[in-house]
Each structure stands twice: as C-alpha cells, then as structure tokens.
Amino acid sequence: MEVLAALNLGDIAQVFSKMGMFPVFDLAYYIVSILYLKYEPGSVEVSRRSPVASWLCAMLYCFGSYILADIMLGSSPLDYFQYNSHILLASAVWYLVFYCPLNLFYKCVAFLPVKLVLVALKEVVRTRKIAAGVHHAHHAYHHGVFIMVIVGYVKGSGVALISNFEQLLRGVWRPDTNEILNMSFPTKASLYGAILFTLQEAHWLPVSKSTLILVFTLFMATSKVVMTARHSHGSPFALIESWVCHLLFGSPLGGSEEEHHHPPAAVPSSPVKTREDVSEGTRKRKAKKAE
C-alpha cells in the first residue's frame, strides 16, 4: 500500500481516465480494425470490384459496436454517423489501407513493432467503450444489471458479434464463424470487463472507476501485445474456463484446439463388395455350371 501511495496510483488513474481518445487513440483503433478487415479472405477483391461495399464493411469494423448498442437501446443505428470527424478519419484510413500506391501505408502499419503499438492503443479505446456502455445502460435502466452487462459487452466486442452480417456485404456466408459459438479472446475479455464495470457501477466492487479502467486497460493491452507478437490466437482464460466448464457443464477437460482444426484421419475402404460385383460373380458361376 505504501508503494501504491508513493506512486500516486489514484492520481495516475484519474488523469488516464480523463484522457481524450480523439484523434490519436481512435486513429489507432481504426487502423487496426481496417487492417484486420484486409486480412479477411476476398476483402481486397471486393475493394476493387465494389468500393462502396468495402467502405461499408470498414465502417462496420470501426463503428459496429456503436450501431449494435444503439439498436439495443432503442436509438437510431445511424446516430454515431453524426460525428463527421470520426467518419472522415476512418474513411481516410480505409482508403490508405486498400488503395495507397505500392501498398506503402499497409506495409508501414503492418510492420510488427508499429502494429504492436497500435494494438496497445486500440485496447485503450476498447476499455473506454466497455465502461461507457455500462454507464449509458445504467442511466437508461438504473437497476438493469443484465442490461448493463450486455450493452458493455456489445460495446467492447465491436464488429465480432455482427461479423456474419458484415460477411454478407462481402458476398460471403459462413455461419460457422459465429462469434457466439467460437468466442475470441477480445470477445471473452469484453464480457468479463462488462461484468466488472457493472459491479463497479452498482457499487458492489469496492474500487473507483478510474482505477478499474487503468488496471483493465493494462491487462488488455499487455495480453494483446503478447498474443500479437507471438501470432497466437489462444486465450489467457483457457485453463480457468476449461475447469469451470468441466465442473459446471460437464465439458471435456483439457480439450485441445487441434482436435477441432485437424481433419479426421481417412477411414480405410472396406473390402465389402458392391451389388454389381456380386451379380457379376453370380453370372460367372452360372456360366461355369452351364459349361
């Protein structure tokens, strides 16, 4: 406690929680989001064939969480598009990522050291969005604890929850990629973060919001930077989730991801004869008897 007091953790958290996100942090968020869009199969072809569809996909990647949260809270899904500076900034990033000559902008932001910095800045925005979503839902539904969790979860998950709709804009239909069925680390962390911020908003968690924002941001930024540097798609929660799901829901314990990604071994063909082989053999035997 003396160390924390010497570091003035409370003051640092207060300053950090009041930092403006626009334009630096939001710019990093847009760059990483649209960078992930370009990684999607067929996205480059769509950008050449239909720039409008590509732009709409990019806007969903950047503002999908706001759109979905507004729909759930009864607001217009176009409400966030009133912020012209954000739309123009995201559109500029989209154009540079997909259409910059010689792919120079893409190569710069995809360079691993630069990308690690951008990923860390993006997690700052994600945490703020979760906290803002819980706070917004708290004002609309003062005692709606579950509504606070859901809205905070949606705000933090981004386009992941509506990824199937975004895929339709690119002419792709892959229902097996539903984020609810196969939750990624950011989606899971957004859910856990929404629960923590809801407990804090309801005064069931004895910690200030600014401190919680700082601590959760550090956790998210560190986790994502390490995972990006290692090119890992795992989750720090995997071991705990495995035990909890095994105890509560009877899920297999320690099931490896390889079981779900490797195709099953080829089954050797059985020597069972087909109907044509049997009938052919019968005809030959009858011919021998006749001889």
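Relevant structure appears above.
Here's what I pulled together on the structure shown here. (Residues numbered from 1 in each chain as written. Predicted model: local features only at pLDDT ≥ 70, side-chain atom pairs only at ≥ 80, totals over all residues. Heavy atoms only, no water.)

### Some details on the overall build of the protein chain
Line of reasoning, step 1. For the protein chain, the helix and strand inventory stands at 15 helices and 0 strands.
Line of reasoning, step 2. Within the protein chain, buried positions represent 39% of all 291 residues.
Line of reasoning, step 3. Across the protein chain, contacts joining residues at least 24 apart in sequence account for 70% of those joining residues at least 6 apart. (Helix = DSSP H or I, 4+ residues; strand = E, 2+ residues; numbered from the N terminus. Buried < 20%, exposed > 50% of the residue type's maximum accessible area, 1.4 Å probe, protein only. Contact = heavy atoms within 4.5 Å.)

### Concerning the pattern of salt bridges
Line of reasoning, step 1. In total, this model carries 5 salt bridges according to the counting rule given.
Line of reasoning, step 2. With a shortest N-O distance of 3.7 Å, E40 and R170 are connected by a salt bridge. One end of the pair, E40, is in the loop between α3 (24-39) and α4 (43-49); the other, R170, is in the loop between α10 (163-169) and α11 (185-201), and 130 residues separate them in sequence.
Line of reasoning, step 3. On the accessibility criterion, E40 (27% relative accessible area) is partly exposed.
Line of reasoning, step 4. With a shortest N-O distance of 3.0 Å, E201 and K209 are connected by a salt bridge. (Salt bridge = Lys/Arg side-chain N within 4 Å of Asp/Glu carboxyl O.)

### Things to note about the nonpolar core
A general trend in soluble globular proteins is that nonpolar side chains are found buried together.
Line of reasoning, step 1. Among the nonpolar cores identified, the biggest contains 58 residues, and Y30, I34, F63 and F197 are the most heavily contacted of them.
Line of reasoning, step 2. If you list the elements that add at least two residues to this core, you get α2 (9-17), α3, α5 (51-72), α6 (84-99), α8 (112-140), α9 (145-157), α11 and α12 (209-229).
Line of reasoning, step 3. Per-element accounting of this core gives the leading share, 11 residues, to α5.
Line of reasoning, step 4. Excluding anything up to four places from it in sequence, F197 contacts T127, I130, A131, V134, K209, L212, I213 and F216. (Core = buried A, V, L, I, M, F, W, Y, C linked by side-chain atoms within 4.5 Å.)

### Looking at α3
Line of reasoning, step 1. With 16 residues, α3 should reach 22 Å at 1.5 Å per residue; the first-to-last C-alpha distance of 23 Å fits that figure.
Line of reasoning, step 2. Among the 16 residues of α3, 12 are classified as buried, and the element is accordingly described as predominantly covered.
Line of reasoning, step 3. Contacts made by the buried residues of α3 are with α4, α5, α6, α7 (104-110), α8 and α10. (Expected span 1.5 Å × (residues − 1).)

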